[in-house]
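Residues per chain, in single letters:
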Amino acid sequence: MAQPNPNTVPLSDAAKLRDQLNELEKLLVKVNSHSVVRTLQLLDSSWLLKEDLRARGVDLKAEDGQWAGFEFRLTEIAGEIVKAAKTHGGMAQLRQSLAQIDGFWWTLDDLHAAQTRHTLFRWLRLAGGLAALGITVWILVTYVFPPDPNAVLITDISYDIEKAVDVRDWDTARTVVQAGLEASNHATEVLLWAAVIEERLDNPEQAADYVAEALLDSNIPPHNIWVTLGTNRLRAGDTDGAECAALSALESNPDNAQAHFLIASVAEATGDAERAVDYFNKTYDLATNGQPQLQVIARVRLGYLMQSPGSFNAQETEERELICN
């Protein structure tokens, strides 16, 4: 949370901001006609207080993360807010009589109208072109762009492996992997799952051989292979191994956004909320060029983390001992 400078910022200002954000968090769960005015006023006042504290040099990283969650939530419930505001004369009247700043929440009626139009037009286009689209897709899939049988095979194999991994049935996972390796001619994606399964079954030498074989694939950059391996390890419950893989990816590509996201996910899974916030923010910054979806996911994960009860209750996070081979 905000760390005020005792020489320049009254403690009450930082505490007041935290109280306002906590109240907003509760109000945004379900906005109705009784709470909508208070919600809009709190959005104004907390934004103004937050920017004032920032101007006085207060560290607001945690508050910014929580606020990002609010912004995402507001776009989700724009229709609820507009409906609740009708009891008070509508958003236009509230905007004219109450708005202190030109925050986007005061124009949620415009956003909701745009969302409604977009949804309507989308369904009209779908309804009008459904038959033609179906025929076109059939022609393309059948004659022009038939699906790659190998890609379909690997997708099916991965799905079966993931089902076994999710219930920690390592023996079944190994059986599926071995069959998949043979069927796919040792595809890289299957090799990386094979490595994780052997690690879970205490066969590190065999696992290392699978990783080494996967790294020979010249069509996939090494950092992508390490990130995939780390993601598989995390799904299998190996947080240390997942982070080691992410660090190997960063050795190959220090600005790899996916590797930073993986470390953030590991930190979140191990309860290190502050480190998770740091790496989700780094992910967002690094994904600016060309990875908008990863930016959105990082921001949403950050927002949910900020809203998780107890994320920052502990005074210190126990340092994990990480040993990477």
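Rules used throughout
Residues numbered from 1 in each chain as written. Predicted model: local features only at pLDDT ≥ 70, side-chain atom pairs only at ≥ 80, totals over all residues. Heavy atoms only, no water. Axes fitted to C-alpha atoms, helices over the stretch in contact; angles between N-to-C directions. Helix = DSSP H or I, 4+ residues; strand = E, 2+ residues; numbered from the N terminus. Parallel < 35°, antiparallel > 145°, perpendicular 65-115°, else oblique. Left-handed = near helix turned anticlockwise from the far one by under 90°. Contact = heavy atoms within 4.5 Å. Nonpolar A, V, L, I, M, F, W, Y, C, P; charged D, E, K, R; others polar. pLDDT = per-residue confidence, 0-100. Disulfide = S-S within 2.5 Å. Salt bridge = Lys/Arg side-chain N within 4 Å of Asp/Glu carboxyl O. Buried < 20%, exposed > 50% of the residue type's maximum accessible area, 1.4 Å probe, protein only.

## Let's talk about the packing of helix α13 (residues 257-269) against helix α14 (residues 273-286)
Part 1 of the argument: Viewed as axis vectors pointing N to C, α13 and α14 meet at an angle of 160 degrees, and their least axial separation amounts to 8 Å. Viewed along their axes, α13 and α14 adopt a mutual orientation that is roughly antiparallel. Crossing geometry of α13 relative to α14 is assigned as left-handed. Where α13 abuts α14, its residues A257, H260, F261, I263, A264, S265, A267 and E268 lie against R275, A276, Y279, F280, K282, T283 and L286.
Part 2 of the argument: By residue class, the composition of the contact of α13 with α14 is nine nonpolar, three polar and three charged.

## Here we look at the confidence of the model for the protein
Caution applies to low-pLDDT regions: their predicted coordinates should not be interpreted in detail.
Part 1 of the argument: The pLDDT averaged across the protein works out to 84; a share of 83% of its residues lies at or above 70.
Part 2 of the argument: Confidence over residues 4-9 falls short of pLDDT 50; this stretch has eight contacts with residues more than four positions distant or in other chains.

## Looking at the state of the cysteines
As used in these notes, a disulfide is a covalent bond between sulfur atoms, one from each of two cysteines.
Part 1 of the argument: One pass over the structure, following the stated rule, counts one disulfide.
Part 2 of the argument: Between the sulfur atoms of C244 and its disulfide partner C324 the distance amounts to 1.8 Å. Measuring the twist about the S-S bond at about -90 degrees, one finds the C244-C324 disulfide to be left-handed. Within this pair, whereas C244 is found in helix α12 (residues 239-252), its partner C324 is found in the segment after α15 (292-307), the two being separated by 80 residues in sequence.

## Some details on the pattern of salt bridges
Part 1 of the argument: All chains considered together, the criterion is met by 18 salt bridges.
Part 2 of the argument: Between D52 and R56 there is a salt bridge, with its nearest N and O atoms 2.4 Å apart.
Part 3 of the argument: Owing to a relative accessible area of 35%, D52 belongs among the partly exposed residues under this scheme.
Part 4 of the argument: D278 is the salt-bridge partner of K282, the closest N and O atoms lying 3.5 Å from each other. Linking K282 with D278, this pair stays in helix α14, spanning four residues, or about one helical turn.
Part 5 of the argument: Exposure remark for D278: the relative accessible area of 25% places this residue in the partly exposed category.
Part 6 of the argument: One network of salt bridges, with partners in common, ties together K50, E51, R54 and D64.

## Looking at unusual backbone geometry
Part 1 of the argument: Phi at R168 takes a positive value of approximately 60 degrees, unusual for a residue other than glycine.
Part 2 of the argument: Along the chain, R168 falls in the loop between α7 (149-166) and α8 (170-184).
Part 3 of the argument: Relative accessible area serves as the criterion here: at 38%, R168 is assigned to the partly exposed category.
Part 4 of the argument: Of note in this structure, H186 is not a glycine but carries a positive phi near 60 degrees.

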